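Single-letter residue listing:
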Amino acid sequence: MEIQDEFRGGKINIEKTHRLLEKLDIPCNFGHVKNIFKDNDRLKQGRITIEEFRAIYRTFAHREEIAEIFNAYSENRKILFENNLTKFLAQEQSRNKANKADASDIIQKYEPIEEVKKARQMSFEGFTRFMSSSECLLFKQECTKVYQDMSHSLKDYFISSSHNTYLVSDQLVGPSDLWGYVSALVKGCRCLEIDCWDGSQNEPVVYHGYTLTSKLLFKTVVQSIHKYAFMTSEYPVVLSLENHCSSSQQEVMADVLQTTFGDSLLSDLLDDYIDKLPSPEALKFKVLVKNKKIGTLKETHERHGFNKLNQETEMEEKKTLPITLFKKKKVRKIRISLALSDLVIYTKAEKFKSFQYSRLYQQFNENNSIGETQARKLSKTRAYEFIFHTKNFITRIYPKATRADSSNFNPQEFWNIGCQMVALNFQTPGLPMDLQNGKFLDNGGCGYILKPHFLRDAKSNFNPSKIRDSNPLTLTMRLISGIQLPLGNSSSNKIDTLVIVEVFGVPNDHMKQQTRVVKKNAFSPRWNETFTFIIQVPELALIRFVVENQGLLTGNEFLGQYTLPVLCMDKGYRRIPLCSKTGESLEPASLFVYVWYIR
């Protein structure tokens, strides 16, 4: 492309400058273009000459920290030969098996100057493009696909789970919205909560009971879930029903579920899984209903195929137990429609009584929901028993009722003890959702992550608070620079930037370090600071990078963040793309780092 052609009509304005930079494959943020345009517009008329444009291009395209790496591997500081690039890949990017063919592929892909490409060489421009590409992101390429063994039992996975999925703001007067379900599914969520109540004209509705939140028809919720269920992931979706409906409206619910999902709805035992939970692999493209259930799976299986409508059962919930162990339970009658009950197979909701009770009586297909306050207390006082419990039964943790503002707890403490479904309010941005999004980036973002062996193995005596015989990972990281950092509430790029690096995992692994403040530079701050972290249980650890603008009076302003599992980090020179508070990409805003770790 001839740049001169763009200037045939004379000078160009800021919008045309932005478009031209993008045409030249220079990713740029309009706020930064505006500031650099202003610095180069000598006559201050809002229009620039071709020379001024070239100066702007150089400002965006030339990064000193990349030039330093390029010069270290180039024999003449002008070009890289194939063997120079191969050496760089092997020595710095930990591509030990890199050969000339790999270098040749990279040159073909990223070198913009035809003559240089034909000579199988790489210019500084080509090298910059390579370093800015997805091949040099911090997140490992292999973790962007499903790579874990998906044939283990459902209880062996962390499962991306949301709470009050229908809400998009607070829990008292906020709107209920289908977007809550759509956005959660698009983010890879695999367990959705549906709060069901009797509606008018025998149409069940979804809303936060006894509050002023608006209502959605159960039917439209189920239809929107059907549409988006397997768009991001092909692995099973669990519908966690918070069921307050009369038996007649439960029959309507059962009918809606069957007609909407058809064969995707799991409504009977799978042949190979009569007495154990299936795997995500065996349940691909299936929808599971989580609700209370009448009778046994065997009875359901025998009834399967008969018309279940217009039947209801009063279930006596009574267990006769040795009085020495448990208080005698009162008999309470629960009215459940058989039609809905028979759709509950591997995910039967069972009230949690105690670990001892579960050990004696809980069935493989029964799962518990425990509120965060009780779960936190148990995790502190009965950690071994809790972990033994989560090795055997799917356990869902949900936020306490007093979180009327839809705030979230830190999910890490419950992942540490093997809880499969740690349900968060997806609509509420902040640290807990950053950890949730970061953790479930792994395994191709499919919403299922195989738990570490020590949270699955019956013989393991792992306790997150008492780490013994660990195999620690030593992580060294040089935080080199920032690239077009977000401007936050400022229109100028002269803001004071710093980076906080924080590790989350078992209590002993929680560490935080931060860089110094670089004054008046959000465009290309350079820190060049090295941090070391010794991580005892890397299998559970997440690392979070937060960029802030230092504010002296009002406190620091959040500019962007990125969170990922420690074991999903690639070695070498890497780019960290930043995300906004709500998890949206802020590209090209990123950090540039050098990462090394040994174990």
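Since we're looking at a predicted model, the values are computed, not measured.

A.B. asks: Would you mind going over the packing of aromatic side chains in detail, with residue names and values included?
C.D. replies: What the rule picks out here adds up to 21 aromatic pairs. Relative to phenylalanine 462, the ring of phenylalanine 454 has its centre 4.4 Å away and its plane inclined at 35°; by these criteria the two rings are tilted. For the pair phenylalanine 454 and phenylalanine 462, one class covers both residues: buried. Members of the aromatic cluster, connected to one another through ring pairs, are Phe70, Tyr73, Phe88, Phe124, Phe127, Tyr573, Phe592 and Tyr594. Sitting above the plane of the phenylalanine 592 ring, arginine 63 keeps its charged end 5.3 Å from the centroid. Above the ring of tyrosine 207, the side-chain terminus of lysine 215 is found at 4.7 Å from the ring centroid.

A.B. asks: How would you explain the pairing of strand β18 (residues 497–504) if you had to name every residue and give the values?
C.D. replies: By the criterion of burial, β18 is predominantly enclosed, with eight of the eight residues buried. Burial of β18 is two-sided: the residues Thr497, Val499, Val501 and Val503 facing one way and the residues Leu498, Ile500, Glu502 and Phe504 facing the other way are all buried. Relative to strand β21 (residues 542–549), β18 is paired through eight bridges, and the arrangement is antiparallel. By the bridge assignment, valine 503 is partnered in β21 with isoleucine 543. Hairpin geometry of β18 and strand β19 (residues 511–514) is characterised by an intervening segment of six residues between the two adjacent antiparallel strands.

A.B. asks: Can you tell me about the UniProt feature "domain: C2" (unreviewed entry) in the protein chain, naming the residues and giving the values?
C.D. replies: The UniProt record annotates "domain: C2" (unreviewed entry) at residues 456–580. For residues 456–580, helix accounts for 0% and strand for 46%, while the C-alpha atoms at its two ends are 35 Å apart.

A.B. asks: Which residues make up the nonpolar core, and what values go with them?
C.D. replies: Formed by 61 residues in total, the largest nonpolar core has its most connected members in Ile194, Phe218, Leu239 and Leu257. It is helix α12 (residues 247–261) that contributes the most residues to this core, five residues altogether. If we skip the residues at most four places from it in the chain, phenylalanine 218 touches Ile194, Cys196, Pro204, Val205, Val206, Leu241, Met253, Val256 and Leu257. Counting residues in each nonpolar core, the second largest holds 37 residues, with Val501, Val518, Ala589 and Tyr597 among its members.

A.B. asks: Which residues make up the confidence of the model for the protein chain, and what are the values?
C.D. replies: Scored by pLDDT, the protein chain has a mean of 93; 95% of the residues are at 70 or more. With pLDDT under 50 throughout, residues 316–320 is counted as low confidence; its partners more than four residues away or in other chains account for nine contacts. Below pLDDT 50 for its whole length, residues 322–328 participates in ten contacts with residues either more than four positions away or in separate chains.

About the thresholds
- Residues numbered from 1 in each chain as written.
- Predicted model: local features only at pLDDT ≥ 70, side-chain atom pairs only at ≥ 80, totals over all residues.
- Heavy atoms only, no water.
- Phe/Tyr/Trp six-rings, centres within 6.5 Å; stacked < 30°, edge-to-face > 60°.
- Buried < 20%, exposed > 50% of the residue type's maximum accessible area, 1.4 Å probe, protein only.
- Lys NZ or Arg CZ within 6 Å of the ring centre and 35° of its normal.
- Helix = DSSP H or I, 4+ residues; strand = E, 2+ residues; numbered from the N terminus.
- Pairing = 2+ DSSP bridges.
- UniProt positions renumbered as here; feature names shortened; annotations may be inferred.
- Core = buried A, V, L, I, M, F, W, Y, C linked by side-chain atoms within 4.5 Å.
- Contact = heavy atoms within 4.5 Å.
- pLDDT = per-residue confidence, 0-100.

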